[in-house]
Each structure stands twice: as structure tokens, then as C-alpha cells.
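Observations on chain architecture
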Amino acid sequence: MTLRDQHVLITGGSSGIGLELGRQAAAAGARVSLIARDPAKLAAARAAIRASAPDAAEVVTVSADVALETEILSALQAAEKIHGPVDVLITSAGIARPGYFEDVPVSVFERTMAVNFFGTLYPVKAVVPAMRQRGRGAVVLISSGAGLVGLFGYTPYAPSKFALRGLAEALRAELKSTGVNVTIVYPPDTDTPQLAEENLTKPVETKALTAGGGLWTAEAVARITLAAVQRGRFTVTPGFQLTALAWLQSVFAPVLHWNFDRIARKARRNAAGGQ
Ligand SMILES: NC(=O)c1ccc[n+]([C@@H]2O[C@H](COP(=O)([O-])OP(=O)(O)OC[C@H]3O[C@@H](n4cnc5c(N)ncnc54)[C@H](OP(=O)(O)O)[C@@H]3O)[C@@H](O)[C@H]2O)c1
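Note that the structure is predicted; figures quoted are calculated from it, not measured. (Residues numbered from 1 in each chain as written. Predicted model: local features only at pLDDT ≥ 70, side-chain atom pairs only at ≥ 80, totals over all residues. Heavy atoms only, no water.)

So, about the overall build of the protein chain. Across its full length, the protein chain holds nine helices and seven strands. Considering the protein chain as a whole, with its 275 residues, one finds that 49% of them fall into the buried category. Counting contacts in the protein chain only where the partners sit at least 6 residues apart, residues at least 24 apart contribute 75% of the total. In the protein chain, the 28 positive side-chain charges and the 22 negative ones have mean positions that sit 5 Å from each other. (Helix = DSSP H or I, 4+ residues; strand = E, 2+ residues; numbered from the N terminus. Buried < 20%, exposed > 50% of the residue type's maximum accessible area, 1.4 Å probe, protein only. Contact = heavy atoms within 4.5 Å. Lys, Arg positive; Asp, Glu negative; His and termini not counted. Charge placed at Lys NZ, Arg CZ, Asp CG, Glu CD.)

For the ligand, the set of nearby residues contains 31 residues, the closest of which are Ser-14, Ser-15, Arg-37, Tyr-157 and Thr-192. Taking Lys-41, its side chain carries an N or O atom lying 3.2 Å from an oxygen atom of the ligand. Protein chains shield 95% of the accessible area of the ligand, which is 880 Å² for the free molecule. For the shell around the ligand, the elements supplying multiple residues, two or more each, are helix H1 (16-27), helix H4 (106-134), helix H5 (157-175) and helix H6 (193-201). If one sorts the elements of the shell around the ligand by residue count, H6 sits on top with three residues. Of the residues belonging to the shell around the ligand, the class tally is 13 nonpolar, 11 polar and seven charged. (Near = heavy atom within 4 Å. Polar contact = N/O pair within 3.5 Å; in protein donor to acceptor, adjacent residues only side chain to side chain. Areas by Shrake-Rupley, 256 points an atom, 1.4 Å probe, with all protein chains shown as cover. Nonpolar A, V, L, I, M, F, W, Y, C, P; charged D, E, K, R; others polar.)

Trans is the common state for peptide bonds, and a negative phi is the common state for residues other than glycine. Unusually for a residue other than glycine, Asp-5 sits at a positive phi of about 65 degrees. Relative to the elements of secondary structure, Asp-5 occurs in the segment before strand S1 (7-11). Residue Ser-177 is not a glycine yet carries a positive backbone phi of 70 degrees. With respect to the secondary-structure elements, Ser-177 resides in the loop between H5 and strand S6 (180-185). Taking the relative accessible area as the measure of exposure, Ser-177 reaches 77% and is therefore exposed.

What follows covers the packing of aromatic side chains. Within the structure shown, the criterion is met by five aromatic pairs. Pairing Tyr-100 with Phe-152 gives two aromatic rings, centres 6.0 Å apart and planes at 80 degrees, and the pair type is edge-to-face. On the criterion of sequence distance, the pair formed by Tyr-100 in the loop between strand S4 (88-91) and H4 and Phe-152 in the loop between strand S5 (137-142) and H5 is long-range, its members being 52 residues apart. Judged by relative accessible area, Tyr-100 falls into the partly exposed class, the value being 36%. (Phe/Tyr/Trp six-rings, centres within 6.5 Å; stacked < 30°, edge-to-face > 60°.)

The terminal C-alpha atoms of helix H3 (residues 69-83), which comprises 15 residues, lie 21 Å apart, in line with the 21 Å expected from a rise of 1.5 Å per residue. In this fold, the buried residues of H3 make contact with S1, strand S2 (31-36), strand S3 (60-63) and H4. Of the residues one or two after H3, Gly-84 is the one with positive phi, at around 80 degrees. (Expected span 1.5 Å × (residues − 1).)

The next subject is a positive patch on the surface. On the surface, Arg-262, Arg-265, Lys-266 and Arg-269 cluster together into a patch of positive charge. Residue placement: Arg-262 occurs in helix H9 (residues 240-273). Residue Arg-262 is classed as partly exposed on the basis of its relative accessible area of 34%. (Patch = residues over 30% accessible without salt bridge, like charges linked within 9 Å, V, L, I, M, F, W, Y side chains within 5 Å. Salt bridge = Lys/Arg side-chain N within 4 Å of Asp/Glu carboxyl O.)

Residue alternation in S3 divides its side chains into a buried set, Val-60 and Val-62, and an unburied set, Thr-61 and Ser-63. In terms of strand pairing, S2 meets S3 through four bridges, oriented parallel. The partner of Ile-35 across the bridge, within S3, is Val-62. As for the winding sense of the linkage, the β-α-β connection from S2 through helix H2 (residues 39-52) to S3 is right-handed. (Pairing = 2+ DSSP bridges. Right-handed = clockwise from strand over helix to strand, strands pointing away.)

Overall, the coordinates contain nine salt bridges when judged by the stated rule. A salt bridge links Glu-197 to Arg-97; its shortest N-O distance comes to 3.5 Å. Of this pair, Glu-197 sits in helix H6 while Arg-97 sits in the loop between S4 and H4, and the two are 100 residues apart along the sequence. Residue classification places Glu-197 among the partly exposed positions, given a relative accessible area of 42%. Take Arg-97: its relative accessible area is 38%, and that puts it in the partly exposed class.

As a further point, take the packing of H4 against H5. For any two helices packed against each other, one specifies the inter-axial angle together with the distance between the axes. Running from N to C, H4 and H5 point in directions that differ by 15 degrees, and their axes come no closer than 8 Å. What the angle tells us is that H4 and H5 run roughly parallel. For the pair H4 and H5, the crossing hand works out as right-handed. Across from Thr-112, Met-113, Asn-116, Phe-117, Thr-120, Leu-121, Val-124, Val-128 and Arg-132 in H4, the residues of H5 making contact are Tyr-157, Pro-159, Ser-160, Lys-161, Ala-163, Leu-164, Leu-167, Leu-171, Glu-174 and Leu-175. The residue makeup of the contact of H4 with H5, split by class, is 12 nonpolar, four polar and three charged. (Axes fitted to C-alpha atoms, helices over the stretch in contact; angles between N-to-C directions. Parallel < 35°, antiparallel > 145°, perpendicular 65-115°, else oblique. Left-handed = near helix turned anticlockwise from the far one by under 90°.)

Shape is all these values report; function is a separate question.
So, in C-alpha cells, the structure goes:
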């Protein structure tokens, strides 16, 4: 599929990876809608997209909390009123609050699941029937490397991103041969406001574990994602490390766990020694 003249709706489109996806989709000729909560960030995102793609169609922005089904449904309706039925849904809205399991209150687990999983499910559930009826469309879920392997410090986040993998795999099977394509993206550490906020509460072990993966730009993650969506690919794993992990995770899980434990132990020892 091509993005030209398609209605591409992005949740979490006011910042980071979502904003970059919106910018690149608009530059490719798509009609872009962005959903997020903060109206000021949405207005700034619209201005940034319009500045980088002045010939693109108007960027529609709607403020909604994806964790609230009624809000996200009205937001979708508002966007579809202007840009028509959603052709490509990208669910990028997400939160991450890393920390030691015992220090993180249950409310954080609940909120993370509400935003990352249910905040993805609601819009997907809303757009798939119409896509199916039209016999075309694409649903793109933004998971995480932490959706492939459970990392130290991510006990609230990893399950919410694993849940997206389960949803994507089951949905892909059901939508096969309907013309509606499903894609799931597992981004590595990407330089965005979310990552900066995560770094404030990341345990030292988590920092050590993620240090070796390098830092991606939102521009590169978005570019790889949109290329994969246009080719109808199911799994998107930017970079060699996550590609190898996606292929080999279950086979090498015991070795991976041994290595992760070793890095975490060393980081803890260094942190204790450094105090
Ligand atoms: N950055 C990374 O290293 C990384 C790595 C792997 C996966 N990811 C995933 O990639 C996605 C995008 O992350 P990012 O790093 O680009 O984050 P970001 O820059 O913080 O952007 C997050 C976006 O989601 C919106 N959002 C958050 N909670 C929301 C809610 N309840 N309802 C509606 N919108 C909400 C934010 O706007 P408002 O706050 O105004 O609502 C913002 O537009 C997330 O799903 C994240 O888990 C990120």
C-alpha cells in the first residue's frame, strides 16, 4: 500500500515516535490525524508537521485519553468526520514508569495496562470492522523491545507490551485474507521525551542492561516502521539486536536470562561500591 491520500490516524501523535510518524506520513501525502491528551502539545505537533510538509493536507488533532473508551471513540469520530474512515491506525500512545517491583504501587501497573494495552485495544476494536468491510486497511501497534523480553525494572511496562504482541498475533491470524494488515513494532531505546522521563526512575541495573543497545532517533524508527507498513510486514524490529532477539528469544531464553542476571549483578555491585 502507499500512504498517499490515506487517512493515517496516530494515537500518541503529539510527541516522540508518534509525532515523527505523523510528520513522515504527511510528507508522503497522507491525511494525518493525531490523538493525545495535552492540547498545547497537539497544537505544537500540528504546527511542526505543517512546517515540514507545507503541501500536506490539514492535520487534524483531537484531545483524548486513550485509556477511556468513550473519549477515544468520540475522538475517532471527530477525526473521521474531517478525514473520512481511518485507513491506517497507528497506536503509539504509551507510558513507562520503571522501578523496582516492590517500590512500584499497584496503581502504576493498572494505569500502564490501561494506557498501553486497553488504550490500544479500544481504537483497534473501533476501526477494524469498517476496514474489514472495505476490504483494506492497516493496524500498526507500537510495542517495545520490552515486549520481546522482560527486562529488570520493567515489571509494569513489559506485561503491557507483551500483551500487545498477543493481540497482534491473534488479530493477524483472524484478519488474514481480509485485506486488513496488522503490523507490530518493537522499538529499541529511542531518543524521545518518554525515554528522558524513564531515565529519571530507572534502576541502575536497567540502565546497564539497556546501555548496550544504543540510542535510536524517532526519525529512524518512524522511517523503518512506515516502510514496513507499506510493504505489509507483520513484525518490525529496528536494528540487528532486536531482530535477533525476535527470532531467537525463545530458543536462547536461558542464555539470555543468565547474561541479563550477570549484567544486573555487576551494575548493582558497582553502584554499591561507588557509594
Ligand atoms: N522511546 C523509547 O525508547 C521507546 C522504546 C520502545 C517503545 N516505545 C513506545 O513507543 C511509543 C511512543 O513512545 P515515545 O517515546 O515516542 O513517547 P513520548 O514522546 O512520551 O510520546 C507519547 C505520546 O503518547 C501520548 N499519551 C500518553 N498517554 C496518553 C493517554 N493516556 N492518552 C492519549 N495519549 C497519551 C503523549 O501525549 P499526552 O501526554 O499529551 O497525552 C504523547 O503524544 C510508546 O508506546 C512507547 O512505549 C518507546
